[in-house]
Amino acid sequence: MPTTFDKREEDFEKKFAHDEELRFKAIARRNKLLGQWAAEKLGLSGAEAEAYAKEGLMTEFAEGDHDVFKKIRRDFDAKGIAQSDHQIRRTMDELLEQAIAQVKVTG
């Protein structure tokens, strides 16, 4: 028979799994928004912009947040786009907040 402790542990595990799923969705959404923002700055549109946004998204899940920043920094530098590291990171943070709010509403 499950104890109160077992029930709490199970509830904690369910909450952790739920929170991780929301975090994953929020990061995925943020990266898509970030990719669209960067694509616009790079002068890309249409299919090129969508491909760039997806590429950025895949980088995140393969390598992590820092590597998404490095990719955007490298791409902006190559095209002479004037955005400071601070501006890029601030946009990443703002878009993450926006994505979290969207995920909470839509799931």
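Residues numbered from 1 in each chain as written. Predicted model: local features only at pLDDT ≥ 70, side-chain atom pairs only at ≥ 80, totals over all residues. Heavy atoms only, no water.

Each helix and strand counted, the protein chain has four helices and zero strands in total. Taking 2.2 N^0.38 as the reference for a compact globule, 107 residues should give roughly 13 Å; the C-alpha atoms of the protein chain span a radius of gyration of 18 Å, well beyond that estimate. A total of 107 residues make up the protein chain; the buried ones form 32% of that total. For the protein chain, the computed accessible surface area is about 7,300 Å², with 56% contributed by carbon and sulfur atoms. For the protein chain, the distance from the average site of its 19 positive side-chain charges to the average site of its 22 negative ones is 3 Å. (Helix = DSSP H or I, 4+ residues; strand = E, 2+ residues; numbered from the N terminus. Rg over C-alpha atoms; globule rule 2.2 N^0.38 Å. Buried < 20%, exposed > 50% of the residue type's maximum accessible area, 1.4 Å probe, protein only. Areas by Shrake-Rupley, 256 points an atom, 1.4 Å probe, with all protein chains shown as cover. Lys, Arg positive; Asp, Glu negative; His and termini not counted. Charge placed at Lys NZ, Arg CZ, Asp CG, Glu CD.)

Turning next to the packing of helix H1 (residues 4–41) against helix H4 (residues 85–106). For the pair H1 and H4, interaxial distance at closest approach is 8 Å and the crossing angle is 130°. As far as their axial angle goes, H4 and H1 are oblique. Handedness of the crossing formed by H1 with H4: right-handed. On H4, the residues touching Leu22, Lys25, Ala26, Ile27, Arg29, Arg30, Leu33, Leu34 and Trp37 of H1 are Ile88, Thr91, Met92, Leu95, Leu96, Gln98, Ala99, Ile100, Gln102, Val103 and Thr106. Along the lines of polarity and charge, the residues of the contact of H1 with H4 split into 13 nonpolar, four polar and three charged. (Axes fitted to C-alpha atoms, helices over the stretch in contact; angles between N-to-C directions. Parallel < 35°, antiparallel > 145°, perpendicular 65-115°, else oblique. Left-handed = near helix turned anticlockwise from the far one by under 90°. Contact = heavy atoms within 4.5 Å. Nonpolar A, V, L, I, M, F, W, Y, C, P; charged D, E, K, R; others polar.)

Per the counting criterion, the structure on display carries eight salt bridges. As a salt-bridge pair, Lys70 and Asp67 come within 3.2 Å of each other at their nearest N and O atoms. Highlighted residues: Lys70 and Asp67, both in helix H3 (residues 65–79), separated by three residues, approximately one helical turn. When its relative accessible area of 18% is taken as the criterion, Asp67 is described as buried. Note that Arg90 and Glu94 form a salt bridge whose closest N and O atoms lie 3.5 Å from each other. Of this pair, Arg90 and Glu94 both sit in helix H4, four residues apart, which is roughly one turn of that helix. Each of Arg73, Asp77 and Asp85 takes part in one network of salt bridges that share partners. (Salt bridge = Lys/Arg side-chain N within 4 Å of Asp/Glu carboxyl O.)

What follows deals with the packing of H1 against H3. Following both chains from N to C, one finds H1 and H3 inclined at 10°, their axes separated by 11 Å at the closest point. The angle between H1 and H3 places the two elements in the roughly parallel class. Touching Arg30, Asn31, Leu34, Trp37, Ala38 and Lys41 of H1 are Asp65, Val68, Ile72 and Phe76, all from H3. Residues of the contact of H1 with H3, tallied by class, amount to six nonpolar, one polar and three charged.

What follows deals with H1. In a regular helix each residue adds 1.5 Å, so 38 residues correspond to 56 Å; H1 covers 55 Å between its end C-alpha atoms and thus fits that length. Those residues of H1 that fall on the buried side of the exposure criterion are Ala26, Ile27, Arg30, Asn31, Leu33, Leu34, Gly35, Trp37, Ala38 and Ala39. A positive phi of about 80° marks Gly43, the residue just after H1. (Expected span 1.5 Å × (residues − 1).)

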